[in-house]
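Close look at the chain arrangement
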Amino acid sequence: MKHVTIVGTGLIGASIGLGLSKHGLVVTGWDPSRDALEVARERGAINRKAVSLAAAVEGAELVVLASPPASVIATLKGLDTNALVFDVAAVKVAVEQAAAHLPRFVGTHPMAGRERAGPMHASLGLFRGAAWIVVPGRASSEDLGVVEEIIGWLGGIPTRLTAEEHDDAIAAVSHLPQVIAASLVEHAANSGDRLKLAAGSFRDLTRVALSEPELWVEILTHNQRSVAGQLRELADSLSSTAGLIDAGDADGVRGLLSDAR
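Quick look at the structure, then.

Brief notes about the overall build of the protein chain
For the protein chain, the helix and strand inventory stands at eleven helices and eight strands. C-alpha extents for the protein chain along the principal axes are approximately 65 × 40 × 30 Å. Looking at the protein chain as a whole, 42% of its 261 residues are labelled buried. Long-range pairs, those at least 24 residues apart, make up 59% of the contacts in the protein chain between residues at least 6 apart in sequence. Here the protein chain contributes 23 positively and 30 negatively charged side chains, and the mean placements of these two sets differ by 7 Å.

Observations concerning the pattern of salt bridges
In total, this model carries six salt bridges according to the counting rule given. A salt bridge links Arg 160 to Glu 148, with the shortest nitrogen-to-oxygen separation between them at 2.8 Å. On the criterion of sequence distance, the pair formed by Arg 160 in strand 8 (residues 157-160) and Glu 148 in helix 6 (residues 141-153) is long-range, its members being twelve residues apart. Residues Asp 251 and Arg 254 are paired through a salt bridge, measuring 2.8 Å at the closest nitrogen-oxygen approach. On the criterion of helical spacing, the pair formed by Asp 251 and Arg 254 is a turn pair, its members being three residues apart in helix 11 (residues 250-260). Residues joined in a network through salt bridges with shared partners are Glu 38, Arg 41 and Lys 49.

Description of the packing of helix 4 (residues 69-78) against helix 9 (residues 213-222)
Axis separation between helix 4 and helix 9 bottoms out at 8 Å; the angle between their running directions is 65 degrees. In terms of orientation, helix 4 and helix 9 fall into the roughly perpendicular class. Contacts between helix 4 and helix 9 involve Pro 69, Ala 70, Ser 71 and Ile 73 on the former and, on the latter, Leu 215, Glu 218, Ile 219 and His 222. For the contact of helix 4 with helix 9, the class distribution of residues is five nonpolar, two polar and one charged.

Some remarks on the pairing of strand 6 (residues 105-110)
The element strand 6 is largely enclosed, with a buried count of six among its six residues. Residues Phe 105, Gly 107 and His 109 point to one face of strand 6 and Val 106, Thr 108 and Pro 110 to the other, with burial holding for every one of them. With three bridges connecting them, strand 5 (residues 84-87) and strand 6 associate as parallel partners. Residue pairing across strands places Val 85 opposite Phe 105, the latter belonging to strand 6.

A closer look at the sheet that holds strand 3 (residues 48-49)
In space, the eight strands of this open sheet follow the order 3-2-1-4-5-6-7-8, with mixed pairing throughout. Sheet topology places strand 3 and strand 8 at the edges, where each strand pairs with a single neighbour. Pairing of strand 4 (residues 62-65) with strand 5 involves four bridges; the strand directions are parallel. Bridging across to strand 5, Val 63 finds its partner in Val 85.

Comments concerning the nonpolar core
By size, the foremost hydrophobic cluster in this structure holds 32 residues, and its most contacted members are Ile 16, Phe 86, Val 106 and Trp 132. No other element matches the six residues that helix 1 (residues 11-22) contributes to this core. When neighbours within four sequence positions are excluded, Val 106 is seen to be in contact with Leu 84, Val 85, Phe 86, Asp 87, Val 134, Val 135, Ala 139, Asp 143, Leu 144 and Val 147. Residues Val 7, Ala 56, Leu 65 and Phe 105 belong to the second largest nonpolar core, which totals 25 residues.

Let's talk about helix 7 (residues 163-189)
In a regular helix each residue adds 1.5 Å, so 27 residues correspond to 39 Å; helix 7 covers 37 Å between its end C-alpha atoms and thus fits that length. Within helix 7, the axis deviates most sharply at Ala 171, by approximately 55 degrees. If you check which residues of helix 7 are buried, you get Ala 163, His 166, Asp 167, Ile 170, Ala 171, His 175, Leu 176, Gln 178, Val 179, Ala 181 and Ala 188. Next to the buried residues of helix 7 lie helix 5 (93-98), strand 6, strand 7 (131-135), helix 8 (200-206), helix 9 and helix 10 (224-246).

Looking at the pairing of strand 5
Residues Leu 84 and Phe 86 line one face of strand 5 and the alternating positions Val 85 and Asp 87 line the opposite face, and both faces are buried. The parallel pair strand 5 and strand 6 is bridged by helix 5, and the resulting crossover is right-handed.

Brief notes about the environment of Ser 258
Tracing the sequence through the fold places Ser 258 in helix 11. In this structure the C-alpha to C-alpha distance between Ser 258 and Arg 207, which are 51 residues apart in sequence, comes to 25 Å.

Some words on the packing of helix 7 against helix 10
Close contact between helix 7 and helix 10 brings their axes to 9 Å; oriented N to C, the two are set at 65 degrees. With respect to each other, helix 7 and helix 10 are oriented roughly perpendicular. Of the two possible hands of crossing, helix 7 and helix 10 adopt the one that is right-handed. Note on element contacts: helix 10 touches helix 7 through Ser 226, Val 227, Gln 230, Leu 231 and Leu 234, opposite Asp 167, Asp 168, Ala 171, Ala 172, His 175, Leu 176, Val 179 and Ile 180. Class assignment of the residues belonging to the contact of helix 7 with helix 10 gives a composition of eight nonpolar, three polar and two charged.

Definitions and cut-offs
Residues numbered from 1 in each chain as written. Predicted model: local features only at pLDDT ≥ 70, side-chain atom pairs only at ≥ 80, totals over all residues. Heavy atoms only, no water. Helix = DSSP H or I, 4+ residues; strand = E, 2+ residues; numbered from the N terminus. Buried < 20%, exposed > 50% of the residue type's maximum accessible area, 1.4 Å probe, protein only. Contact = heavy atoms within 4.5 Å. Lys, Arg positive; Asp, Glu negative; His and termini not counted. Charge placed at Lys NZ, Arg CZ, Asp CG, Glu CD. Salt bridge = Lys/Arg side-chain N within 4 Å of Asp/Glu carboxyl O. Axes fitted to C-alpha atoms, helices over the stretch in contact; angles between N-to-C directions. Parallel < 35°, antiparallel > 145°, perpendicular 65-115°, else oblique. Nonpolar A, V, L, I, M, F, W, Y, C, P; charged D, E, K, R; others polar. Pairing = 2+ DSSP bridges. Core = buried A, V, L, I, M, F, W, Y, C linked by side-chain atoms within 4.5 Å. Expected span 1.5 Å × (residues − 1). Bend = angle between axes of the 7 residues up to and from the residue. Right-handed = clockwise from strand over helix to strand, strands pointing away. Left-handed = near helix turned anticlockwise from the far one by under 90°.

Here's what the structure looks like:
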């Protein structure tokens, strides 16, 4: 494999491009943002810019879809290629359904990122040591092997899940923290001047509230069942904890904190 196309040259796409370029692959990039495409080229994440999506995909042996979820889904529905395709979207059931017509497709999701978006923040080390979920679906063992080898080049650790398992698990460890961070900032900001007193623990808990809102709107609405259900479960748990504190139940509070630790 020598020719790879990356569709979407933001943080994730450009970071993948940096790694693939380092391994000697010719990387073509396409992005609806000319600025993002140019920055990716300047950073060395892509070797050449395509003038259109169709031109980018033509002749590619591997196509990496690294745009936001709604864009990935729309691209997949209109994509017609015999190349191996994999995506990196943070939802997998909807993506897998959109890719059902493709002969060679592997759904993936690297558990890595930053609160800052764009190719200017791309890094060769972004995926180092990170779990990188792989959804086998209908993919051949050969195609799965290629994708997992590439993930290894980039420093990721391949972890196989079904699309349903992915969406449920990631709701708990990624999607809920985003909503909780936003809710905590909103709660503090609506309570007088208390934000001025915020220190390390508050910043640690709310760092991801700096993330790009539109991307997260797409992620949360495309994984609505898992996210909404788990938010309700968490709300019930918080209500129970409030009951323990209300009652002055020191043992109950201690048990909660000890289990979490």
